[in-house]
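Each chain is listed here by its residues.
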Amino acid sequence: MRSPFIHLLIAFVACAAALVGYGVWYSAVADKSVVVTTLQSQIDAKTAAVSRMSTTRAALAEIAGDEAVVRSYFVPETGVVAFIDGLESRGRALGAAVSVLSVSTEGTAAQPMLAFSLSINGTFDAVMRTVGAIEYAPYDISFSTLSVAQDSKNNWNADLKLSVGSIAGNTATSTP
């Protein structure tokens, strides 16, 4: 039989080996835990970035639609002829003759405007309805002068000058 001292020494060595092994494994697990925590924070940051990007894309898509609506209130430089044809057809539909006397540009580079001088002839009702239809057309329009005079018994004439908001042209505003 062995002496109790050897048993105590074996027990002490086994206990010390167990504590050292536990410390080594605890350190290894703690290191891996730090790595996992770092990875998780990186994943959370990337997930938040992706969420912000998708929110931004949705907002940009909505803004692009709104921009198209707002741009429709302005006459592009390339669409002046179509705008003039629209004015004349409005007058014809209401029984008046619309004549464009002059067209010029005004305003600033940041806010360009087109200046129109118009003459509208017809019955009083037709002239005034045409003036109203032009004034309330879906464009950025403002009248600077309006004069209405009677030419003969049933013939009236309205001379008006108006400014219409303009844009540089049909430029692409969205990116692929």
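Conventions adopted
Residues numbered from 1 in each chain as written. Predicted model: local features only at pLDDT ≥ 70, side-chain atom pairs only at ≥ 80, totals over all residues. Heavy atoms only, no water. Helix = DSSP H or I, 4+ residues; strand = E, 2+ residues; numbered from the N terminus. Rg over C-alpha atoms; globule rule 2.2 N^0.38 Å. Buried < 20%, exposed > 50% of the residue type's maximum accessible area, 1.4 Å probe, protein only. Pairing = 2+ DSSP bridges. Core = buried A, V, L, I, M, F, W, Y, C linked by side-chain atoms within 4.5 Å. Patch = residues over 30% accessible without salt bridge, like charges linked within 9 Å, V, L, I, M, F, W, Y side chains within 5 Å. Areas by Shrake-Rupley, 256 points an atom, 1.4 Å probe, with all protein chains shown as cover. Salt bridge = Lys/Arg side-chain N within 4 Å of Asp/Glu carboxyl O. Phe/Tyr/Trp six-rings, centres within 6.5 Å; stacked < 30°, edge-to-face > 60°.

A. Inspection of the overall build of the protein chain at higher detail. Helix and strand counts for the protein chain come out as three helices and five strands. Secondary structure of the protein chain in N-to-C order comes out as α-β-α-β-β-α-β-β. Radius of gyration (C-alpha) of the protein chain: 40 Å, far over the 16 Å computed for a compact globule of 176 residues. Expressed as lengths along the three principal axes of its C-alpha atoms, the size of the protein chain is roughly 140 × 30 × 25 Å. Within the protein chain, buried positions represent 20% of all 176 residues.

B. Representation of the pairing of strand 2 (residues 97–107). The sheet contact formed by strand 2 and strand 3 (residues 112–122) spans ten bridges and is antiparallel. The residue bridging Val100 from the neighbouring strand is Leu118, located in strand 3. Hairpin connection from strand 2 to strand 3: four residues lie between these consecutive antiparallel strands.

C. Structural view of the nonpolar core. With 21 residues, the main nonpolar core has Phe83, Phe116, Leu118, Ile120, Leu162 and Val164 as its most contacted residues. Sorting the residues of this core by element identifies helix 2 (80–93), strand 3, helix 3 (124–135) and strand 5 (155–167) as the ones contributing at least two each.

D. A look at a nonpolar patch on the surface. Residues Phe5, Ile6, Leu8, Leu9, Ile10, Phe12 and Val13 make up a contiguous nonpolar surface patch of about 730 Å² in total accessible area. When its relative accessible area of 45% is taken as the criterion, Leu9 is described as partly exposed.

E. The arrangement of the packing of aromatic side chains in detail. Under the counting rule described, the total for this entry stands at four aromatic pairs. Considering the side-chain rings of Tyr22 and Tyr26, the 6.1 Å spacing of their centres and the 25° angle between planes classify their relative orientation as stacked. Here Tyr26 and Tyr22 lie together in helix 1 (residues 4–71), a separation of four residues that amounts to about one turn. Each member of the pair, Tyr22 together with Tyr26, is exposed. With 4.8 Å between their ring centres and 65° between their planes, Phe124 and Trp156 make a pair best called edge-to-face. You can see Phe124 sitting in helix 3 and its partner Trp156 sitting in strand 5, a full 32 residues away along the chain.

By themselves, these are just geometric observations and shouldn't be taken as functional.
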